[in-house]
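# Structural description and commentary
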Amino acid sequence: MSSTSPTVFVTAAGGQLGRLTVTALLDRIAPDRVIAGLRNLDSEAAAQFRARGVAVRLADYDRPDTLAAAFEGIDRLLLISSNEIGQRVQQHGNAIEAARGAGIGMLAYTSVLRADRSSLAPAEEHRQTERILRESGLPHVLLRNGWYTENYTASIPSALTHQALIGSAGTGRIAAAARADYAEAAAIVLTDAGQGTAEIYELAGDEAFTLADFAAEIARASGRPIAYRDLPEAAYRDILLGAGLPAPLAALIAGSDAAAAEGALFDDGHALSRLIGRPTTPFAASIEKALAG
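Only a predicted model underlies this, so the values are computations on that prediction, with no experimental measurement involved.

## Overview of the sheet that holds strand β2 (residues 34–38)
The strand order across the open sheet formed by 7 strands is β3-β2-β1-β4-β5-β6-β8, and the pairing between neighbours is parallel. The open sheet is flanked by β3 (55–58) and β8 (199–203), the only strands paired with a single partner. Between one strand axis and the next, the sheet turns by 20° as a mean value, whatever way the strands run. Pairing of strand β1 (residues 8–10) with strand β4 (residues 76–79), which is carried by 3 bridges, proceeds in the parallel orientation. Its bridge partner lying in β4, Phe9 is registered against Leu77. Those strands touched by helix α2 (residues 44–51) are β2 and β3, and its axis lies near 170° from that of β2. Along the sheet, helix α4 (residues 88–102) makes contact with β4 and β5 (106–112), crossing β4 at roughly 175°.

## Quick look at α4
Working note: α-helix, 3.6 residues per turn, so residues spaced by three or four point in the same direction. Taking 1.5 Å per residue, 15 residues should reach 21 Å; α4 reaches 21 Å between its end C-alpha atoms and fits that length. When α4 is considered as a whole, its buried residues turn out to be Arg88, Val89, Gln91, His92, Gly93, Asn94, Ala95, Ile96, Ala98 and Ala99. Contacts made by the buried residues of α4 are with α3 (64–70), β4, β5 and α5 (123–136). Two residues or fewer past α4, Gly103 is found with a positive phi of approximately 70°.

## Comments concerning the packing of helix α10 (residues 233–242) against helix α11 (residues 247–261)
The geometry of α10 relative to α11 is characterised by a closest axis approach of 9 Å and an angle of 145° between their N-to-C directions. Where α10 crosses over α11, the two elements pack in a sense that is right-handed. Counted together, Glu233, Tyr236, Arg237, Leu240 and Leu241 of α10 and Ala247, Ala250, Ala251, Ile253, Ala254, Gly255, Asp257 and Ala258 of α11 form the full contact between these two elements. A breakdown of the residues in the contact of α10 with α11 according to their chemical character gives 9 nonpolar, 1 polar and 3 charged.

## Structural notes on the nonpolar core
With 59 residues, the main nonpolar core has Phe49, Phe71, Leu107, Leu143 and Leu203 as its most contacted residues. Ranked by residues supplied to this core, first place goes to helix α8 (residues 179–191) with 8 residues. Discounting residues that sit within four places of it in the chain, Leu203 has contacts with Leu113, Leu143, Arg144, Asn145, Gly146, Tyr182, Ala185, Ala271, Leu272 and Leu275. In terms of nonpolar packing, the next biggest core, distinct from the first, is built from 27 residues, Phe209, Ile226, Ala259 and Ile287 among them.

## Section: the pattern of salt bridges
With the rule as written, the count across this model stands at 14 salt bridges. With its nearest N and O atoms 3.3 Å apart, the salt bridge here joins Asp116 to Arg117. Look at Asp116 and you get partly exposed, because its relative accessible area is 44%. Between Glu184 and Arg278 there is a salt bridge, with the nearest N and O atoms lying 2.8 Å from each other. You can see Glu184 sitting in helix α8 and its partner Arg278 sitting in the loop between α12 (271–276) and α13 (283–292), a full 94 residues away along the chain. Residue Glu184 is classed as partly exposed on the basis of its relative accessible area of 25%. In the salt-bridge network here, residues are joined through shared partners; they are Asp116, Arg117, Glu130, Arg144 and Glu202.

## Here's the deal with the pairing of β4
Of the two faces of β4, the one holding Arg76 and Leu78 and the one holding Leu77 and Leu79 are both buried throughout. With 4 bridges joining them, β4 and β5 adopt parallel strand pairing. Residue pairing for β5: Leu77 is matched across the bridge by Leu107. Once you follow β4 into α4 and on to β5, the crossover reads as right-handed.

Cut-offs applied
What you see as residue numbers is a count from 1 along each chain, following the sequence as written. pLDDT decides what is reported in this predicted model: residues at 70 or higher carry local features, side-chain atom pairs at 80 or more are listed and counted, and totals for whole chains, interfaces and linings draw on all residues regardless. With hydrogens and water excluded, all non-hydrogen atoms of the structure serve as input to the side-chain values. Paired strands, in this sense, are two strands between which DSSP finds at least two bridges. Numbered from the N terminus, helices here are DSSP runs of H or I no shorter than four residues, and strands are runs of E no shorter than two. As a rule, the C-alpha atoms of each element are fitted with a line to give its axis, helices using only the stretch in contact, and angles between N-to-C directions run from 0 to 180 degrees. Two residues qualify as a contact provided that any one of their heavy atoms is within 4.5 Å of a heavy atom in the partner residue. One less than the number of residues in a helix, times 1.5 Å, gives the span that helix is expected to have. Each residue gets one of three labels from its accessible area relative to the maximum for its type: buried under 20%, exposed over 50%, partly exposed in between, using a 1.4 Å probe on protein chains only. For any helix crossing, the convention is left-handed if the near helix is rotated counterclockwise from the far helix by under a right angle, and right-handed if that rotation is clockwise. Only Asp, Glu, Lys and Arg are considered charged, only Ala, Val, Leu, Ile, Met, Phe, Trp, Tyr, Cys and Pro nonpolar, and every remaining residue, Gly among them, polar. For our purposes a nonpolar core is just a set of buried Ala, Val, Leu, Ile, Met, Phe, Trp, Tyr and Cys residues, chained together by side-chain atoms within 4.5 Å. What counts as a salt bridge is simple: a side-chain nitrogen of Lys or Arg found within 4 Å of a carboxyl oxygen of Asp or Glu. Look down the strands so they point away from you; if going from the first strand over the helix to the second traces a clockwise path, that crossover is right-handed.

So, in structure tokens, the structure goes:
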């Protein structure tokens, strides 16, 4: 771990991807070179970071003043996309403007797979963020992440209860990867001495599956009968609403499945495994991990 390593800031570090990225960074650079951005400095995440020697700073996408102060003295920044549907463009714009003002040497942004032409509902906010980033003049890298396998393993308890995995993806193939794979990729980009000019990484898993494949693997690993039940997008959205999901989130999930049916989540470029230097985590391994608790 070189004393000349860049100082790296991770926004939204208390989230699942943020925590994993901080962990991956600590495998590559010293703790005093990693700074975690959080909205609550009294949180459990903040205490855990401090215990590992990682400094924490207040960084709230909705409060530009916190971002300006948080980014002082930072060499490289990971801007993890917000999960607030409809608010992302403004929030990301706040962070990009603060990064520009702080003179950050390189910003990496977690976008979505093939954001420039994707039919996925979240892609439009990512396209707008990418445009703002280009126009800012900041050296940047676009980490266009495919879906996390955990998006699907989260449905395992319900699938076991009802003996069915439901969705609207038809026979669309989904090249998902484990969240930790994407976190490792981000850490590599943030600490690579060759970074600094605009690059785009289309990141996805090596192994594509249909939701029928996913259901069959849950059945195999659990020893219980699980079938995939494909539904029209509207019917799937209504079930999600009935389960208590907010309307925007239910629409996003159902719409993303419908887009996956048309190939929006398939990729066979293997850029992610090349970047991390190993195969991406098999979806069977993610299922077994979820079943093990």
